[in-house]
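# Analysis of the macromolecular model
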Amino acid sequence: VKHINHKMLNNFKIPLPPKDIQEKIEGEIEKLDEKEKKAKEELEKLKISIRLLLPKNNDLEKVENIAYLLKRGKSPQYGNSKIQIIKSGQARGYKEFDFSEKHFASENFVLDERKLEKGDILINSTGVGTAGRVTMFDLQGDYVVDSHITILRLNRTKALPNYILYYFCDLGFKTIEAMALGQSGQIELSLETIKNIKIPLPRIQDQQKIVTEIEKIEKQIKHSELSLQEFSEQKNKVLKNYL
């Protein structure tokens, strides 16, 4: 690891245009900073509005009562089949997966009811910093998970996958992780613990209304995030134009 010392700082060169150019740069950056600040405030309001849409403590239902399947993945042998294995580190939360490195089961791997279906909720169940992360599966193809992930397949007459995902995200992955037992990095979310998590569960029609409203807000959030990215790019352009 390199450390910055006084000699390096003394020899560090900074582009220094005339004072009037510095003032122009400062003025343009300040305007962008103000717009960026407002965009961040708007983004935070949108995120709060999602939390306000989700019910809190009414009509609580245990996970075991809304589950069609609640089961750990199985430890597969790795090989070259077309069955892709999702490891716990690859389920990144919400709807995000990291497949920069792919893993496949052996050719003699037998698929059972744990072959993933769209809408399955995947709950990382072992390891500090990993346990408690919840990701919804929505991909095409043959996928399974390893034994460090619990599959929650919902009874769709009682609970909608997107609604349950939004609830877990609102509850917070760290809150779910805190339910795990163990120590020294070997913590585990047992099936029994997951079964007994209580979720506010309105009627299925009301769940759908909530999901529809949240999806609208999510589109606005994406737009706001793109705006923030553009502000950062515009600041770089200002510097490049003058320096």
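Conventions used here
- Residues numbered from 1 in each chain as written.
- Predicted model: local features only at pLDDT ≥ 70, side-chain atom pairs only at ≥ 80, totals over all residues.
- Heavy atoms only, no water.
- Pairing = 2+ DSSP bridges.
- Helix = DSSP H or I, 4+ residues; strand = E, 2+ residues; numbered from the N terminus.
- Patch = residues over 30% accessible without salt bridge, like charges linked within 9 Å, V, L, I, M, F, W, Y side chains within 5 Å.
- Areas by Shrake-Rupley, 256 points an atom, 1.4 Å probe, with all protein chains shown as cover.
- Salt bridge = Lys/Arg side-chain N within 4 Å of Asp/Glu carboxyl O.
- Buried < 20%, exposed > 50% of the residue type's maximum accessible area, 1.4 Å probe, protein only.
- Axes fitted to C-alpha atoms, helices over the stretch in contact; angles between N-to-C directions.

The strand order across the open sheet built from three strands is 6-3-9, with neighbouring strands paired in mixed fashion. Whereas interior strands pair on both sides, the edge strands pair on one side only; in this sheet they are strand 6 (103-104) and strand 9 (143-145). Summarising the sheet, strand 3 (residues 84-86) and strand 6 pair through two bridges and their orientation is antiparallel. In the sheet register, Q84 faces strand 6, and the bridge partner there is F104.

Time to look at a nonpolar patch on the surface. A contiguous nonpolar patch, built from I4, M8 and L9 and spanning about 330 Å² of accessible area, is present on the exposed surface. Checked against the element boundaries, I4 lands in the segment before helix 1 (6-10). Given a relative accessible area of 65%, I4 falls into the exposed group.

Before going further, it helps to examine the sheet that holds strand 8 (residues 134-136). Read across the sheet, four strands follow the order 2-10-7-8 without closing on themselves; strand pairing throughout is antiparallel. The two strands at the open ends of the sheet, each matched to only one other strand, are strand 2 (67-72) and strand 8. Pairwise comparison of adjacent strand axes, ignoring direction, gives a mean angle of 20 degrees for this sheet. Pairing of strand 7 (residues 121-124) with strand 10 (residues 149-154) involves four bridges; the strand directions are antiparallel.

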